[in-house]
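Residue-level structure breakdown
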Amino acid sequence: MALASWAEGFRRALPITLGYVTVGFAFGVLAVKNNIPPSLCVAMALLMFSGSGQFVFAALWGAGASLLSLTAAVGIVNLRYLLMSAAESPWLTPFSRFKRFLLGLGLTDETFAVHITSMQAGEPPNLAVMFVCNCSTHIAWISGCAIGAYFGGLVDDVRPLGLDFAITAMFLALLVPQCSSRLHFLVAIFTLCLSVALKCQGMSQWNIALATIAGATLGLLCSLHKKPAKIAVDEDEIP
């Protein structure tokens, strides 16, 4: 049973690790080019484990931002983990507080997606599977950042290698299995179109955040609108 759990954890982690190594390499290159020491780059990968937060940190560090600005920017970017933790916590009530804490250390957009998708499909939460998946992805991220930081000087620009698209491709691969209903598909298409439209209007990276909030709100309103109708039908069927 333990071996099967480990195998399932590695299976879940595999597509994520492929993306993390390449994106981590891109971050390592960017960090060094922004005068971040390689050792600090690896420490960030180990302790922060947030791709978006680390990229924001590297950009602001290179621009000479103050420590307060760095802390505020990274904190705001990582606020989404509070929402992910709140969404995942009801499924993890069988585990002790310490075990939930350990799982929380490995929480990322991608690990959240694979874990919540499996549990919503009816699979009971498995501590070994989730922990192996989280650790595997974390090791992949640290490895990619370390390779990029210490050997990234051999690469002048990562864009011709397509590494800058790796995170986008990984998110698409995680999104498709979650579109299991027409509502999910509608929300995904609406969010995509709105994000592209806002970007075309000249909005900066905030287009993604605003489109995500709008898409989630649309999905919530649609789901609430469907529930009363379902309840009414059930009541009519009561003899």
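Let us look at the structure shown here. (Residues numbered from 1 in each chain as written. Predicted model: local features only at pLDDT ≥ 70, side-chain atom pairs only at ≥ 80, totals over all residues. Heavy atoms only, no water.)

1. Here we look at the overall build of the protein chain
Summing up its helical and strand segments, the protein chain has eleven helices and zero strands in all. Counting only carbon and sulfur atoms, one obtains 73% of the accessible surface of the protein chain, whose full area is about 14,300 Å². (Helix = DSSP H or I, 4+ residues; strand = E, 2+ residues; numbered from the N terminus. Areas by Shrake-Rupley, 256 points an atom, 1.4 Å probe, with all protein chains shown as cover.)

2. Structural notes on the state of the cysteines
A full pass over the atoms with the stated rule returns zero disulfides. Cys41 carries a free sulfur, and the closest cysteine sulfur to it, the one in Cys145, is 5.0 Å from it. (Disulfide = S-S within 2.5 Å.)

3. Considering helix α2 (residues 38-47)
Along α2, the positions that sit buried rather than exposed are Cys41, Met44 and Ala45. One side of α2 holds all its buried residues, which, seen down the axis, span an arc of 100 degrees. Just past α2, the residue Phe49 takes up positive phi, approximately 50 degrees. (Buried < 20%, exposed > 50% of the residue type's maximum accessible area, 1.4 Å probe, protein only. Arc of directions from axis to C-beta.)

4. Things to note about the packing of aromatic side chains
Two aromatic rings are characterised by how far apart their centres lie and by the angle between their planes. Overall, the coordinates contain six aromatic pairs when judged by the stated rule. Taking 5.4 Å as the distance between ring centres and 35 degrees as the angle between the ring planes, the aromatic pair formed by Phe57 and Trp61 counts as tilted. Placement of both Phe57 and Trp61 in helix α3 (residues 51-62) is noted, with a separation of four residues, approximately one turn of the helix. By relative accessible area, Trp61 is classed as partly exposed at 33%. Clustering of aromatic rings is evident, with ring pairs tying together Tyr20, Phe27, Phe49, Phe55 and Trp141. Over the face of the ring belonging to Tyr81 we find Arg80, whose NZ or CZ atom lies 4.5 Å from the ring centre. (Phe/Tyr/Trp six-rings, centres within 6.5 Å; stacked < 30°, edge-to-face > 60°. Lys NZ or Arg CZ within 6 Å of the ring centre and 35° of its normal.)

5. Details of the packing of helix α1 (residues 2-33) against helix α7 (residues 109-120)
The contact between α1 and α7 brings their axes to 10 Å, and the two run at 165 degrees. Compared by their axis directions, α1 and α7 come out roughly antiparallel. The hand of the α1/α7 crossing is right-handed. Between α1 and α7, the residues in contact are Arg12, Ile16 and Tyr20 and Glu110, Thr111, Val114, His115 and Ser118, respectively. (Axes fitted to C-alpha atoms, helices over the stretch in contact; angles between N-to-C directions. Parallel < 35°, antiparallel > 145°, perpendicular 65-115°, else oblique. Left-handed = near helix turned anticlockwise from the far one by under 90°. Contact = heavy atoms within 4.5 Å.)

6. Considering the nonpolar core
The biggest cluster of nonpolar side chains holds 21 residues, and the ones touching the most others in it are Tyr20, Phe27, Cys41, Phe57, Trp141 and Cys145. Mapped onto this core, the elements with two or more residues apiece are α1, α2, α3, α4 (67-77) and α8 (127-151). Of all the elements, α1 adds the most residues to this core, at six residues. If you look at the next biggest cluster of nonpolar residues, it comprises six residues, including Tyr81, Leu107, Phe112 and Ile116. (Core = buried A, V, L, I, M, F, W, Y, C linked by side-chain atoms within 4.5 Å.)

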